[in-house]
Amino acid sequence: LPALLIAAPLLWPRRRATQPPEAPAVDAFDRRIVTMLAFGPFATVLALSAATDRQVIAMWGYPLWLFLGLWIVLAAKSLDRVRLARIAILWAVVFTLTAVGFAAGYTVLPRLDGRYRAALFPGHELGRLVQEGFRAQTGRPLAYVIGQQWEGSNVAHYAPDRPRLLLEGKPARSPWIDLADLKAKGAAVVWPAGVNPTPDDALLRVIPNVVMQPPLTLPMHRTGTPLTFRWAIVPPTPPVQN
């Protein structure tokens, strides 16, 4: 919609009848190609969503409209100096409002609507506390973490030991993980409270000796909204004595 607003001066106000029409720059075939490129991806995604009953994700929509600007220019034809000046002014207004809205979305609105925002997730604190708890219990660095994509990846990224992630506790999801090395060095298991009272059954089939730990409650950045995480430790396997 902001892009359409910026492009509005190309079509409105309409050209006066005394102005001669401009010659088309492209033929009908090229126009059809550009039209297909401009609207085909969006139509395809809608059709696939309807056929598969899968929800579309708004933030993935931007690449669907990469050719819309070209189609608008071809449809408008007229690009005189006055229209271009109006476009520049509208672009500046939309750009400014977008920047202000983005800043407000992460500074003001989180305190008002209470909505979850991934950018405010306390991943750094979660990774640090899980690593500190693991080191306190085992006396070893945290080499592996097991969890869902969001919680597990945050621990893997932010924990200073940089543990490797066994996604969802399923070796098929992370075939590069050496289970023998994981069992020897131990691991931390992290998941959001309320999802499962215990680690996933798939994990327990692979690694049964999981030691539950006290929950961790951390505040979201800026809002202070508490998030609670359950976690457990897979104790390292003692070395075999000869």
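Summarised in this report is the structure supplied together with it. Bear in mind the structure is a predicted one, so any value in this text is a computation, not a measurement.

Our focus in this paragraph is the packing of helix 2 (residues 28-52) against helix 3 (residues 68-76). Any two packed helices are characterised by the angle at which their axes cross and by the distance between the axes. It is at 8 Å that the axes of helix 2 and helix 3 come closest, and there the two elements cross at 140 degrees. By the angle between their directions, the pair helix 2 and helix 3 is classed as oblique. Regarding helix 2 and helix 3, the two cross each other, and that crossing is left-handed. Listed contacts from helix 3 to Arg31, Val34, Thr35, Ala38 and Phe39 of helix 2 are Leu68, Leu70, Trp71, Leu74 and Ala75. In terms of residue class, the contact of helix 2 with helix 3 is built from eight nonpolar, one polar and one charged.

Bringing the pairing of strand 1 (residues 144-147) into the picture now. Taking every second residue as pointing to the same face, both faces of strand 1 are buried, with Tyr144 and Ile146 on one and Val145 and Gly147 on the other. Each parallel crossover has a hand, and for strand 1 linked through helix 7 (residues 149-158) to strand 2 (residues 164-167) it is right-handed. In this structure, strand 1 lies alongside strand 3 (residues 187-192), joined through three bridges in parallel fashion. Considered in strand 3, the bridge of Val145 is made with Ala188.

Tracing the backbone through its elements, the reader meets Ala118 in the loop between helix 5 (110-113) and helix 6 (123-138). The exposure class of Ala118 is partly exposed, given its relative accessible area of 41%. Counting along the chain gives 102 residues from Ala118 to Met220, while the straight-line C-alpha distance between them is 9.4 Å.

This structure, assessed with the given rule, holds seven aromatic pairs. With a centroid separation of 5.2 Å and 20 degrees between ring planes, the pair formed by Trp91 and Phe95 is classed as stacked. Taken together, the positions of Trp91 and Phe95, both in helix 4 (residues 81-107) and four residues apart, correspond to about one turn of that helix. Among the aromatic residues, ring-to-ring pairing joins Phe39, Phe42, Trp65 and Trp71 into one connected group.

Here we take up the sheet that holds strand 5 (residues 226-234). Sheet architecture is open: five strands sit in the order 2-1-3-5-4, paired in mixed fashion. Strands at the two margins of the open sheet, each flanked by one partner only, are strand 2 and strand 4 (211-219). Within the sheet, the average angular offset between the axes of one strand and its neighbour, ignoring direction, is 25 degrees. Its contacts with the sheet place helix 6 against strand 3, strand 4 and strand 5, and it is angled at close to 30 degrees to strand 5. Across the face of the sheet, helix 7 comes into contact with strand 1, strand 2, strand 3 and strand 5 while running at roughly 165 degrees to strand 1.

Reading guide: rules and limits
Along each chain, residues carry numbers from 1 onward, in the same order as the chain's sequence is written. In view of the model being predicted, local features appear only for residues whose pLDDT reaches at least 70, and side-chain atom pairs are presented and counted only at 80 or more, with totals across whole chains, interfaces and linings using the full set of residues. Side-chain measures were taken over the full set of non-hydrogen atoms in the model, leaving aside hydrogen atoms and water. Axis lines are fitted to C-alpha atoms, over the contacting stretch for helices. Their N-to-C directions set the angle, which ranges from 0 to 180 degrees. Helical segments are the DSSP runs of H or I of at least four residues, strand segments are the runs of E of at least two, and each set is numbered from the N terminus. Throughout, the term roughly parallel applies to angles under 35 degrees, roughly antiparallel to angles over 145, roughly perpendicular to angles from 65 to 115, and oblique to all others. Handedness of a crossing follows from how the near helix is turned relative to the far one, being left-handed for an anticlockwise turn of less than a right angle and right-handed for a clockwise one. A contact between two residues is defined here by any heavy atoms of the two lying within 4.5 Å. In the scheme used here, Gly and all other residues not listed as nonpolar or charged are polar, with Ala, Val, Leu, Ile, Met, Phe, Trp, Tyr, Cys and Pro taken as nonpolar and Asp, Glu, Lys and Arg as charged. Throughout, exposure labels follow a simple rule: accessible area from a 1.4 Å probe, protein chains only, divided by the maximum for the residue type, with under 20% read as buried, over 50% as exposed, and the rest as partly exposed. We call a crossover right-handed when, viewed with both strands directed away from the observer, the connection leading from the first strand over the helix to the second proceeds clockwise. By definition, two strands form a pair when at least two bridges between them are found by DSSP. Ring pairs shown here join Phe, Tyr and Trp side chains whose ring centres sit within 6.5 Å, with only the six-membered ring taken for Trp; geometry is labelled stacked below 30 degrees between planes, edge-to-face above 60, and tilted in between.

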